[in-house]
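Chain by chain, the residues run as shown.
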Amino acid sequence: QLSVSRRSSILTRMRRKKEPSFDDEEKQSLTGRLPKYEFLTESDKERGSLKAGHRWWHAVFILSLVSFLACIITLWAPYPIGARMPSSEVAKTPWSNGCIGVETCICPRETICADDLLSMIFLTIARASAWFDYPLYMLLFLSKCSNLNNFLQTTAARVWINFSDSHKVHSLFGCIVAIETTSHSFFHLLRWARRSNDIQLLWTTKTGITGLIAFSLTPMIALPMAVPFLKKRMKFEWRKALHYLAIAWAAALMCHAPQRIFWLIGMPLFVYAADYIVGCLFKCHLVESAHFQRLGDSSCLIEFENPAGFGKQNSAYVYLMLPWISKTQFHAFTVFPAQKPNHSSICIHKCGDWTGELMKQISIPAHKPAFVVGPFLSPFSSPAMDSEFLVAVASGIGVTPAISLIKQYSCTSRRLNLVWICRDAGLVEHFLENVEFSSDGYSLIYYTGKRSIILPEKKLPSNVFLFNGRPNLERTISGIIHSIVSGEGLPEELSKKVVTNTPVDMRAKLLVEKALSLYTVDQLFDYTLKASNFYNESQEPLTNEINYQGVLSTMRHLLANDCNVDSITKIFEQVDVDGNCRLNRVEFEDFVHLMLEGNSNEEIQTVKRGLAKMSTVRDMFQSNKQMKSASKDDFGIKQHLHSGDGKFSAKNWSMLYCGGSAPVLSQLKDYKNKFGINLSVEKFDW
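Parameters at a glance
Residues numbered from 1 in each chain as written. Predicted model: local features only at pLDDT ≥ 70, side-chain atom pairs only at ≥ 80, totals over all residues. Heavy atoms only, no water. Axes fitted to C-alpha atoms, helices over the stretch in contact; angles between N-to-C directions. Helix = DSSP H or I, 4+ residues; strand = E, 2+ residues; numbered from the N terminus. Left-handed = near helix turned anticlockwise from the far one by under 90°. Contact = heavy atoms within 4.5 Å. Nonpolar A, V, L, I, M, F, W, Y, C, P; charged D, E, K, R; others polar. Core = buried A, V, L, I, M, F, W, Y, C linked by side-chain atoms within 4.5 Å. Buried < 20%, exposed > 50% of the residue type's maximum accessible area, 1.4 Å probe, protein only. Disulfide = S-S within 2.5 Å. Phe/Tyr/Trp six-rings, centres within 6.5 Å; stacked < 30°, edge-to-face > 60°. Lys NZ or Arg CZ within 6 Å of the ring centre and 35° of its normal. Pairing = 2+ DSSP bridges.

**Q** Tell me about the packing of helix 8 (residues 166–194) against helix 10 (residues 206–226), and please be specific about residues and values.
**A** The interhelical angle for the contact between helix 8 and helix 10, taken along N-to-C directions, is 145 degrees, at an axis separation of 10 Å. Crossing handedness for the pair helix 8 and helix 10: left-handed. On the side of helix 8, the interface is formed by Cys175, Ala178, Thr181, Thr182, Ser185 and Trp192, while helix 10 contributes Gly208, Phe215, Thr218, Ala222 and Ala226. Broken down by class, the residue content of the contact of helix 8 with helix 10 amounts to six nonpolar, five polar and no charged.

Below you can see the structure in the form of structure tokens.
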């Protein structure tokens, strides 16, 4: 055993916090690896763009403006160019006695007769709002032609229009059409109410009846999908069923006005119907034996062999129908490649009645049939393909698109960094065990759950970090960019220096160091205490002390095949000063520190420098670190992102987010506004 003074000296030296230091040779080699900053002002000749402008749909409003102006001309221009006629001509019609208070008025037919100035103003507002919406009517249906959009996204047209993110356009245009449909109906009713007996046109003419039908259906179609209060309180299947009333709404509009609107609405509706039929016949695949397995209390993994004609599924989503739960419900989920060749996986989180029933029926692993429709390209496809440097941020089950991208771009020059915030321990454990994370990008996992994570038996790469708590996203993303741009702490160098070049006899010490980056000493002590009680033969449970069997169990779990029982026993005896084969909290901390001790030869010092660099990098991503101020650029990345047209300029970076966390999305939008990095969101919050 060590003397008390000798042992105290060792522990004091081990506890002393030192700043990472590098000798001259290390500094020179590190300097040689740092990039020269001249490239920041050079043009990137190889840079191409497959990413459409994120506001390409603004061009649609130009067409709407043209339609709006055409409406004004056809109403107010003199006849025959427009509909404005002299009072004498209007008096000849059976539905008016002439203009009132004006020399000319608009009265081409009974349903749009406005023979005084106020009625003409009301008519102009009503008609102009409808004409403005004509291009939007068409896009409402074309944006939901999934198969057509999926095909167009593979053509050169994608550089102008992002067909993979058409749902955002559909939602925006739907809200505008709902508002202006209400405006159109209101001003027509107001105008009819001012003229005697015209209100009866509402139920005596085809225009009035079809307009009443469309006006009545509009709130049932739009409000459940657009109003958060209703979205939270109505089941998805009810909201979706009401949304399909849009077909009846479109049919009513086709009969509402003259021949013009029949084709403006009819053609997109026909294309939508044809696209739907094509999907049912050629995109709907029966998977006879899909494997279902629960990953915890709130998540489930589905794995299946790709059916014939399924095609590639990188950065894609599918619609899933489980006939043993509901024969009518199709739900959208991200699909990603499984470990088995020619197999795909879907990960589902419990968040509603349908997913709740799924979790209830999959109490044990089982094989069941499923219908899969797709795959369709996700909103991630364009920015991921266009950007050389990617930061994929995910919350919960939203990690699946990032996993798909990691598999897709693992053999390319793109750097994909993952920031994953998750509270589901089973989900984290599954992906740690089964995913090969990118070696040239950081994988930062912020676990926010209560249960302790069980680490996989395989050794995690040095560029994969697991933290407890939520991240400061600005600091985390800035740290990633700083590490890659400056060359200080490149993820692939961490892996090479600390793992590949490490002697076998040093791996145990490195694994203990890795464990301390994942858990605190208190957490390791609590884990060891539970193991000690499992092996405790006495009737009284251990509360403040741990035994040898518990320590050995913990070390075997942490070190796996690198566990040296003789070395562990020797160190245990060194710290067990009273010889009762038990350690208290302080003695256990001494044990852990002694596990990190080694000979002072050059080889070990090299490893320690690698660990110091890992510690420095890890410090940048700590969840408890805060930015100095909201406007402060702690890592000075603006000089890299906005210095000319260089390789690391902001346009070559993209942030991707998938998940349902509003605070996370808000932080990412703030980061986008502050640093100018593009943000793409995949969110199936329908």
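Following the structure, the description resumes.
**Q** Provide a residue-level description of the environment of Phe525, including the pertinent values.
**A** Summarising the element assignment, Phe525 is placed in helix 22 (residues 521–535). Sequence spacing of Phe525 and Val551 is 26 residues, and the spatial spacing of their C-alpha atoms is 8.9 Å. Apart from the residues within four sequence positions on either side, Phe525 is in contact with Asn544, Glu545, Ile546, Leu583, Asn584, Arg585 and Phe588.

**Q** Before we move on, can you summarise the nonpolar core with the specific residues and values?
**A** Formed by 60 residues in total, the largest nonpolar core has its most connected members in Trp420, Leu559 and Phe591. When near neighbours in sequence (up to four residues on either side) are disregarded, Leu559 contacts Ala508, Leu511, Val512, Ile568 and Met595. Val60, Ile112, Leu136 and Ala250 belong to the second-largest nonpolar core, a separate cluster that totals 42 residues.

**Q** Break down the state of the cysteines for me, citing the residues and quoting the values.
**A** Considering all chains together, one arrives at two disulfides under this definition. Put simply, Cys99 and Cys105 are joined by a disulfide, and their sulfur atoms are 2.1 Å apart. Taking the sign of the S-S torsion, -80 degrees for the link of Cys99 and Cys105, the bridge is left-handed. Residue classification places Cys105 among the buried residues on the basis of a relative accessible area of 0%. The disulfide partner of Cys107 is Cys113, and the S-S distance across this bridge is 1.8 Å.

**Q** An account of the packing of aromatic side chains is needed here, citing residue identities and associated values.
**A** Ring pairs (aromatic) are described by centroid distance and by the angle formed between their planes. The full count for this structure, using the stated rule, is 26 aromatic pairs. Their ring planes at 90 degrees and their centres at 5.9 Å tell us that Phe304 and Phe310 sit as a pair that is edge-to-face. Accessibility assignment for this pair places Phe304 and Phe310 in one class, buried. Here the aromatic rings of Phe534 and Tyr535 are separated by 5.1 Å at their centres, their planes lie at 90 degrees, and the arrangement is edge-to-face. Phe534 gets classed as exposed once you look at its relative accessible area, which sits at 65%. Over the aromatic face of Trp324 sits the side chain of Lys368, whose NZ or CZ is 4.9 Å from the ring centroid.

**Q** Requested: an account of the pairing of strand 3 (residues 284–294), with residues and values cited.
**A** Taken together, the seven bridges between strand 3 and strand 8 (residues 366–377) define a ladder with antiparallel strand orientation. Considered in strand 8, the bridge of Phe292 is made with Ala366. Summarising the sheet, strand 3 and strand 4 (residues 299–305) pair through four bridges and their orientation is antiparallel. Counterpart to Phe292 in the pairing with strand 4 is Ile302. The loop that links strand 3 with its antiparallel partner strand 4 comprises four residues.

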